[in-house]
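Structure assessment
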Amino acid sequence: MASTLIIAIVVVVVLILLGMNVGVSFLVTSLLLELITGGEISGFARTAFSANNSYSLLAIPLFMLGGNLMEKSGIAGALVDFCQAFLGKVKGGLGYMVPLVSMIFGALCGSGVATVSTIGSIVIPRMEQLGWDRRYTTALASACAPLGYMIPPNMNAIIYSTVTTASVSALFVATVIPGIMWGVGYMIVNRIVYRKWYDPTKVGQNEAAFETQQKVREAQQTPSKWKATKTAIPAFLMAVIILVGIYGGIFSPTEAGGVSALYALIVGVFVYRKLKGKNTWSTFTSTGMSLGSLMVILPFAMIFSKILVLLGAPTVVTNLLTGITDNRVVLLIIIDIFLIICGCFFEAPILTMVLPPILMPTLTMLGVGPNQFGVIVFMAVGIGALTPPMAVPLFVGCRIGRVSIKEVIKPLMPLLICVAVPIMLLVTFIPELTLWLPNVLLDATFA
C-alpha cells in the first residue's frame, strides 16, 4: 500500500506540474489507482455528487460573490483611508496599515487572494508615492493574504468541515487569536525593518525641498480622521452584522454568506457608489467562472481522497510516521513541514478536502483534535501559498506591484521565518490558542 500511495502522490504532482487541469489530474490518478488495485469505478458518480451536495458548501459561492463585490464596492478604499488617517504619522505607520487593513478586510470577504488583490492595488501605489520601496510593500501585501481567511469568515473552514467532525462556527472563531497574532507579528517586524525599505529622499535632489514636497503629498493623500471614520462606518458595520449574526444565532454561516453579498451590493451601489451596472454584472460572471472551476475540482478531489482512505492510507501514514520516531514533538513538526510543502503545490480547497481524512487518525493519536488541526492546516496553507511554484497570492501581489518573484523574496523571508512559522508552531503545541475562544463563545467543549 505504501508504494501505491507514493505512486498516487507522484502522479498527481507530475500531472499538475505538466499543466493538466487540477480536477482532471485527480480523476486520472483515481482511475489509475483503481486499475492498479482492481477496484470499481461505479461509485465515482455517487461520491462526486455527495461532494457538492452539501448545505454548508452553499456558503462558498455566497462569500465568493461578497468578496468580489467588496473588491469593487469601495469598502477596501474606505478601510485604507481610515487606517492611514490614524497611522500615517506614526513611524513606519503605513507599514502597520497593510496587515491591519488586511485583517479587517478578511473579516468581510474570507478570501486570501481577494485580500491581496484588493488591498495591494490600493496600498502599493500609495505607499510608493510616499517613499516606500515597491519590493517591500509588495512582499508585505502578499504576506498578508492568509489574514484574509484567518480572520473569520473562512471559506476553507467550510470545506474542511465537510470531511471532518469539526464545527464551522467553532473553526471560524478558532482562527481569530492566531490570525490577530499573525497580523501583529507583521507589524512588529515592520517596525524593526521599515527604515531599510522607506526612504523619503531622492538621489540627487535637495533633501529639504523633497521633504516639503513629501509633506504636501501626505497632506493631500491622508484624509482627516473624522472624514475617514465616517466613511469607514459602513465597512465596519458589515463585519459586526456578519459576526454578531453568526454567533448570536441570528443566521447560520451559510446564510451569513448571503448577507455579506447582499450588504456589499447595497453599500457598493448606494453608499460608496462604486458599483455600476457593467462592473456589477462582470463581478457576477467572474464569480461564476471561479466557482465553476472549484466545483469541478472538489468532486474529483473527494473521489481521490476516498480511494486513499479505503486503501488504508491513514494507517500507512501513521505507521510510517511512528516508524521514524515515537517523539510527539518531532512527529508534529514533521507533519507541519509536510503540510507546508503540500501548500507549495496545491491550493487551499484541495488540501482541506484531501489531507484531513488521511492525517486525522495520526493527529488524534497525538492528541490533536479536528478543530485545532483545522487551524494548523489553514496556517500551513497560508505559508505554502506564499512559496512557489503554486504561490497564487504572491503572483497576484507581484503583478500588482510590477516586481518579480525574485525581488520580493528578500523582504518576504523575515515575515515568514520570524512570524508565520513560529505562530504555526505555537498553534501546534498550545491548543488553547485555538480552542479557548470557541469554548467560551459557543459554550461548548471543542478539541
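This write-up is about the structure you can find in this document.

Let us now look at the overall build of the protein. Broken down by element type, the protein carries 23 helices and zero strands. Its C-alpha atoms give the protein a radius of gyration of 22 Å, near enough to 22 Å, the size a compact globule of 447 residues would have. Considering the protein as a whole, with its 447 residues, one finds that 55% of them fall into the buried category. For the protein, the accessible area works out to roughly 18,700 Å², and carbon and sulfur atoms hold 68% of it. In the protein, which carries 26 positive and 17 negative side-chain charges, the distance between the mean positions of the two groups comes to 12 Å.

The next thing to look at is the nonpolar core. Ranked by internal contacts, the top residues of the largest apolar core, which has 148 residues, are Trp 182, Tyr 186 and Phe 373. Of all the elements, helix H6 (residues 93-109) adds the most residues to this core, at 11 residues. Dropping the residues within four chain positions of it, Phe 373 is found in contact with Tyr 160, Leu 339, Pro 356, Leu 359, Met 360, Leu 363 and Val 368.

To continue, consider helix H22 (residues 405-429). Most pronounced at Pro 411, the bend in H22 amounts to some 45 degrees. Where the residues of H22 are buried, they touch helix H8 (134-143), helix H12 (176-197), helix H18 (328-345), helix H20 (370-384), helix H21 (392-401) and helix H23 (432-441).

This paragraph deals with helix H19 (residues 348-365). The terminal C-alpha atoms of H19, which comprises 18 residues, lie 25 Å apart, in line with the 26 Å expected from a rise of 1.5 Å per residue. The largest bend in H19 comes to about 50 degrees, at Pro 356. Extensive coverage of H19 is indicated by the burial of 14 of its 18 residues. Gly 367 sits one or two residues past H19 and shows a positive phi near 85 degrees.

On to the environment of Val 381. Within the secondary structure, Val 381 is located in helix H20. Given the relative accessible area of 5%, Val 381 is considered buried. Sequence spacing of Val 381 and Arg 273 is 108 residues, and the spatial spacing of their C-alpha atoms is 35 Å. What Val 381 contacts, discounting residues up to four positions off in sequence, is Tyr 149, Ala 348 and Leu 351.

Scanning the entire structure with this criterion turns up 10 aromatic pairs. Seen from their ring centres, Trp 132 and Tyr 194 are 6.1 Å apart, and the 35 degrees between their planes marks the pair as tilted. Placement of the pair is Trp 132 in the loop between helix H7 (112-129) and H8 and Tyr 194 in helix H12, with a sequence separation of 62 residues. Just as Trp 132 is buried, Tyr 194 falls in that class too.

Attention now moves to the packing of H7 against H21. Direction vectors running N to C along H7 and H21 enclose 20 degrees, while the axes themselves pass 9 Å from each other. In terms of axis orientation, H7 runs roughly parallel to H21. Relative to H21, the crossing made by H7 is right-handed. In contact with Val 113, Val 116, Ser 117, Gly 120, Ser 121 and Ile 124 of H7, H21 contributes Val 392, Pro 393, Val 396, Gly 397, Ile 400 and Gly 401. Of the residues in the contact of H7 with H21, the class split is seven nonpolar, five polar and no charged.

With the rule as written, the count across this model stands at four salt bridges. Ionic pairing is found between Asp 81 and Arg 126, a salt bridge with its closest N-O pair at 2.7 Å. On the criterion of sequence distance, the pair formed by Asp 81 in helix H5 (residues 75-87) and Arg 126 in helix H7 is long-range, its members being 45 residues apart. Across the salt bridge formed by Asp 133 and Arg 135, the nearest N and O atoms sit 2.7 Å from each other. Classification of Arg 135 as partly exposed rests on a relative accessible area of 33%. The structure contains a network of salt bridges with shared partners spanning Glu 128, Arg 134 and Arg 402.

About the cut-offs
Residues numbered from 1 in each chain as written. Predicted model: local features only at pLDDT ≥ 70, side-chain atom pairs only at ≥ 80, totals over all residues. Heavy atoms only, no water. Helix = DSSP H or I, 4+ residues; strand = E, 2+ residues; numbered from the N terminus. Rg over C-alpha atoms; globule rule 2.2 N^0.38 Å. Buried < 20%, exposed > 50% of the residue type's maximum accessible area, 1.4 Å probe, protein only. Areas by Shrake-Rupley, 256 points an atom, 1.4 Å probe, with all protein chains shown as cover. Lys, Arg positive; Asp, Glu negative; His and termini not counted. Charge placed at Lys NZ, Arg CZ, Asp CG, Glu CD. Core = buried A, V, L, I, M, F, W, Y, C linked by side-chain atoms within 4.5 Å. Contact = heavy atoms within 4.5 Å. Bend = angle between axes of the 7 residues up to and from the residue. Expected span 1.5 Å × (residues − 1). Phe/Tyr/Trp six-rings, centres within 6.5 Å; stacked < 30°, edge-to-face > 60°. Axes fitted to C-alpha atoms, helices over the stretch in contact; angles between N-to-C directions. Parallel < 35°, antiparallel > 145°, perpendicular 65-115°, else oblique. Left-handed = near helix turned anticlockwise from the far one by under 90°. Nonpolar A, V, L, I, M, F, W, Y, C, P; charged D, E, K, R; others polar. Salt bridge = Lys/Arg side-chain N within 4 Å of Asp/Glu carboxyl O.

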